[in-house]
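Structural features, examined
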Amino acid sequence: MDRLFIFDTTLRDGEQVPGCQLNTVEKIQVAKALESLGVDVIEAGFPISSPGDFNSVVEISKAVTWPTICALTRGVQKDIDVAAEALQYAKNKRIHTGIGTSEFHIKHKFNSTQKEILERAIAAVKYAKKYVEDVEFYCEDAGRTDNVYLARVVEAVIKAGATVVNIPDTTGYCLPWEFGEKIKFLMENVNGVHNAIISTHCHNDLGMATANTISGVMNGARQVEVTMNGIGERAGNTSLEEVAMILKCHKGLNIETQINTQKIYSTSRLVSGLMNMPVQANKAIVGRNAFAHSSGIHQDGVLKNRESYEIMDPKDVGIDENSIVLTARSGRAALKHRLSVLGVDVENGKLDVIYEEFLKLADKKKDINDDDVLLIAGLERSEKQRIKLDYLQVTSGVGVKPIASIGVMIANEKFEAAATGNGPVDAAIKALKQIIRRKMTLQEFTIQSMNKGSDDMGKVHMQVEYEGVVYYGFGANTDIVAASVEAYINAINKFVK
Ligand SMILES: CC(=O)SCCNC(=O)CCNC(=O)[C@H](O)C(C)(C)COP(=O)(O)OP(=O)(O)OC[C@H]1O[C@@H](n2cnc3c(N)ncnc32)[C@H](O)[C@@H]1OP(=O)(O)O
Ligand SMILES: CC(C)C(=O)C(=O)O
Ligand SMILES: [Mn+2]
């Protein structure tokens, strides 16, 4: 099997997305999660862009142990100086420099010529090499760059010392075969191409980012630049989870990564929570519906054999199990299954009657929950059955505040929260987790006080009592903790009702 290097740019291209900006503490949380997910390279930021981004690269460099930490620059000496300084504590460091190579960029962005751009490219690599051994060069807008000129640039920067050459489809323009041909052309026409790794960096403007990336890999690229949940400029970048699972599902491609795929879902939730960027329900691999079956024929097939409609095991991406969602398109098999999960066995005659009632309700109500089903079946169930922990992830590191993200299912509804803070927040979450695990009633879990406003230190308070013990939580990020507190309270209130 050939090894493919995973270069994650969630914290750089992903963080460029409006509203997704993170502070240093949050970036460290994401970097630590990416490290345990198994990425090879973390692009930590663009150090010259702001003091905050500079500081984040410094702190991530200190916090992360083995992945290479990469900093982005323009092909400009000052950018490279600042990137080198920001990377000073990284155990393995890389400077990522580059310049636009398409006719469009050369003419309109730089008012320059191919010759001049080639010279600037060589100079940037040589300058970065003074600081670090590992230099990656990006040919911005390579997707729209003439292949012959692109090959000249790639050859020249490898000769100048580039260890990795990035071929971005910056505007998401290429068709998969076209992008594959581009990589093939470079592999066949660049002298010394094997002295560097060719990388892909595809954008999703036409929804082809992942297809283009895979096409690039099939033609010789051995690094892929990706983000969690596919976030990134405009329509986003190739998503890490899609590439990792394509390679897992298609063993015939003979390419492997060192991604621990079972950590995909929790990492996805962490990024989505911290960046306040919801994942679309039908997003491949990590969307709410990625392993949900809602129509009768599919549900029947999946219940007979999961693989009838699933090419991946949800456990492989860190999701406990698939879900069989009851809708007006569901059949008897799904209804019977749900009843049996709820501990109710019905014979076929009675099932027909319940099914008829179920359809009447389902035609009126989009979301049929467990309570509805039991009610239709003429039963009621204990409140203890209604609450289930969906996921819980707590990450922490030296000099880093712990962060917890939690998802709780109450009936069929999911409540999600993330919180940063010290011990008390963790304790509260731990208590909630225990309650849910033991399926105890939550009446014992009372909210003592909640203060969504901030105190003089800008912190938010949460105070809950469980079995006589008061758990007190606070966090520095008002929005995150307020959202977290609200989610807990919604969850608890819903349960108590
Ligand atoms: C495709 C990508 O995702 S590239 C990365 C995108 N990310 C970012 O831009 C975030 C970080 N950027 C920033 O913080 C700022 O843009 C800075 C600090 C880099 C530069 O800020 P400013 O000096 O104010 O310049 P401004 O952003 O207005 O314009 C960019 C300048 O860089 C030049 N430039 C753009 N790309 C490159 C490059 N790869 N190499 C050399 N110069 C470049 C442009 O031509 C322009 O220069 P000009 O003003 O002489 O025409
Ligand atoms: C900086 C480069 C690699 C980039 O993000 C792009 O071209 O899309
Ligand atoms: Mn990009």
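As the structure is a computational prediction, the values presented were derived from the model and not from experiment.

What follows concerns the coordination of the manganese ion (ligand 3). Those donors, Asp 13 (OD), His 201 (NE2) and His 203 (NE2), are the protein atoms that reach the manganese ion (ligand 3), and they lie 2.0 to 2.2 Å from it. The sequence pattern describing where the donors of the manganese ion (ligand 3) fall on their chain is D-x187-H-x1-H. Its relative accessible area of 4% is what places His 203 among the buried residues.

Let's shift gears to the UniProt feature "binding site: Mn(2+)" (unreviewed entry) in the chain. UniProt tags Asp 13, His 201, His 203 and Asn 237 as "binding site: Mn(2+)" (unreviewed entry). These annotated residues cover 225 residues of sequence, and their C-alpha atoms all fall within 10.2 Å of one another, placing them together at a single site. Turning to its location among the elements, His 201 is positioned in strand 8 (residues 197-202). By relative accessible area, His 201 is classed as buried at 4%. For His 201, the contacting residues outside a window of four places in its chain are Thr 9, Arg 12, Asp 13, Asn 166, Ile 167, Pro 168, Asp 169, Glu 225 and Asn 237. Among the polar contacts listed, one links the side chain of His 201 to the side chain of Asp 13, at a separation of 3.0 Å. As for its position among the elements, Asn 237 is in the loop between strand 9 (223-226) and helix 9 (240-249).

Around ligand 1, the structure places 16 residues, and the nearest of them are Arg 12, Ser 49, Arg 74, Gly 75 and Gly 98. Within the contact set of ligand 1, a nitrogen atom lies 3.0 Å away from a backbone nitrogen or oxygen of Gly 75. Note that a nitrogen atom of ligand 1 is positioned 2.8 Å from one of the backbone N or O atoms of Gly 98.

This part covers the environment of Lys 78. Inspection of the secondary structure assignment puts Lys 78 in helix 3 (residues 77-86). On the basis of relative accessible area, Lys 78 is assigned to the exposed category, the value being 55%.

Attention now goes to the site of ligand 2. The environment of ligand 2 is formed by Arg 12, Asp 13, Leu 72, His 96, Tyr 138, Glu 140, Asn 166, Pro 168, Thr 170, His 201 and His 203. Separating an oxygen atom of ligand 2 from a side-chain N or O atom of Arg 12 is a distance of 2.9 Å. His 201 is positioned such that a nitrogen or oxygen atom in its side chain is 3.0 Å from an oxygen atom of ligand 2. Protein burial of ligand 2: of its 260 Å² of free accessible surface, 92% is covered by the chains. Of all the secondary-structure elements, those providing two or more residues to the shell around ligand 2 are strand 6 (134-140) and strand 7 (164-169). Residues belonging to the shell around ligand 2 are distributed by class as follows: three nonpolar, five polar and three charged.

Parameters and conventions
- Residues numbered from 1 in each chain as written.
- Chains lettered and ligands numbered in written order.
- Predicted model: local features only at pLDDT ≥ 70, side-chain atom pairs only at ≥ 80, totals over all residues.
- Heavy atoms only, no water.
- Donors = N, O, S within 2.8 Å, 3.2 Å for Na, K, Ca; no water.
- Buried < 20%, exposed > 50% of the residue type's maximum accessible area, 1.4 Å probe, protein only.
- UniProt positions renumbered as here; feature names shortened; annotations may be inferred.
- Helix = DSSP H or I, 4+ residues; strand = E, 2+ residues; numbered from the N terminus.
- Contact = heavy atoms within 4.5 Å.
- Polar contact = N/O pair within 3.5 Å; in protein donor to acceptor, adjacent residues only side chain to side chain.
- Near = heavy atom within 4 Å.
- Areas by Shrake-Rupley, 256 points an atom, 1.4 Å probe, with all protein chains shown as cover.
- Nonpolar A, V, L, I, M, F, W, Y, C, P; charged D, E, K, R; others polar.

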